[in-house]
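Chains, contacts and geometry: an overview
So the chains spell out like this:
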Amino acid sequence: MALEHALLVALSERPASGLELTRRFEKSLGFFWHATHQQIYRVLARMEADGWVTVEVVEQEGRPDKRVHTPSATGRRVLADWLATPMPMETFRSELAVKLRGASYGDRAALVRNLRDARADHALRLATYEQMEREQFPDPTGLEPGVRDRWLVLRGGIRLERFWIDWITEYLQAHEMETS
């Protein structure tokens, strides 16, 4: 997947300026696909040059004009084609997994400290996702398809964070049994 596809999804949900898109990205798609604001602006410019988005200039008082991006017919076609393309099986590439496997060859105590920190980070992200779910989807029954898609992606994020917490906890418990 290219950043262009993630931006087309976000802009299909709601047209936005680069700044608005960057802020929205940090609070939603950014949990699953990381991009800096510089990358977003650079890709938006390329998407505009390629005809994937149209830009409406909106005047603002006391501030520079805002450029609001919307997917063009070409951009909507590119997104539809990409969505219809078969995807490869997700691969599991994890620095954590390699460190766990190699723990016997280094400073296991340092790794365990880092694991406790990582578990706390995942617990914080899980709490964030669960709060988002309570606030944005208090009653997920009967959601419209686009909203339901966002809810289901959030549910996937919740499950993923639970996976990380459970896996790290299992490792830490096994380590504690070994050292006691």
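Residues numbered from 1 in each chain as written. Predicted model: local features only at pLDDT ≥ 70, side-chain atom pairs only at ≥ 80, totals over all residues. Heavy atoms only, no water.

1. Looking at the domain arrangement of the chain
- Once the domains are mapped, the chain shows domain 1 (3-84) and domain 2 (95-177).
- Put simply, the middle of domain 1 and the middle of domain 2, counted by C-alpha atoms, are 29 Å apart.
- Counting from both sides, the interface comprises 4 residues of domain 1 and, opposite them, 7 residues of domain 2.
- When the two sides are added together, the surface that domain 1 and domain 2 hide from each other amounts to roughly 480 Å², 72% of it contributed by carbon and sulfur. (Domains from an automatic or database assignment. Contact = heavy atoms within 4.5 Å. Buried area = accessible area lost by both parts, 1.4 Å probe.)

2. Description of the UniProt feature "domain: Transcription regulator PadR N-terminal" (unreviewed entry) in the chain
- Per the UniProt record, "domain: Transcription regulator PadR N-terminal" (unreviewed entry) is found at residues 7-80.
- Across residues 7-80, helical content stands at 51% and strand content at 16%; the span's end C-alpha atoms are separated by 13 Å. (UniProt positions renumbered as here; feature names shortened; annotations may be inferred. Helix = DSSP H or I, 4+ residues; strand = E, 2+ residues; numbered from the N terminus.)

3. Observations regarding helix α1 (residues 3-13)
- Of all 11 residues making up α1, 8 are buried, and the element is well covered by its neighbours.
- The inward-facing, buried residues of α1 contact α2 (18-27), α3 (37-49), β1 (53-58), β2 (66-71) and α4 (73-84). (Buried < 20%, exposed > 50% of the residue type's maximum accessible area, 1.4 Å probe, protein only.)

4. Regarding a nonpolar patch on the surface
- Among the surface-exposed residues, F92, L160 and F163 lie close enough to one another that they form a single nonpolar patch of about 290 Å² accessible area.
- When its relative accessible area of 53% is taken as the criterion, F92 is described as exposed. (Patch = residues over 30% accessible without salt bridge, like charges linked within 9 Å, V, L, I, M, F, W, Y side chains within 5 Å. Areas by Shrake-Rupley, 256 points an atom, 1.4 Å probe, with all protein chains shown as cover. Salt bridge = Lys/Arg side-chain N within 4 Å of Asp/Glu carboxyl O.)

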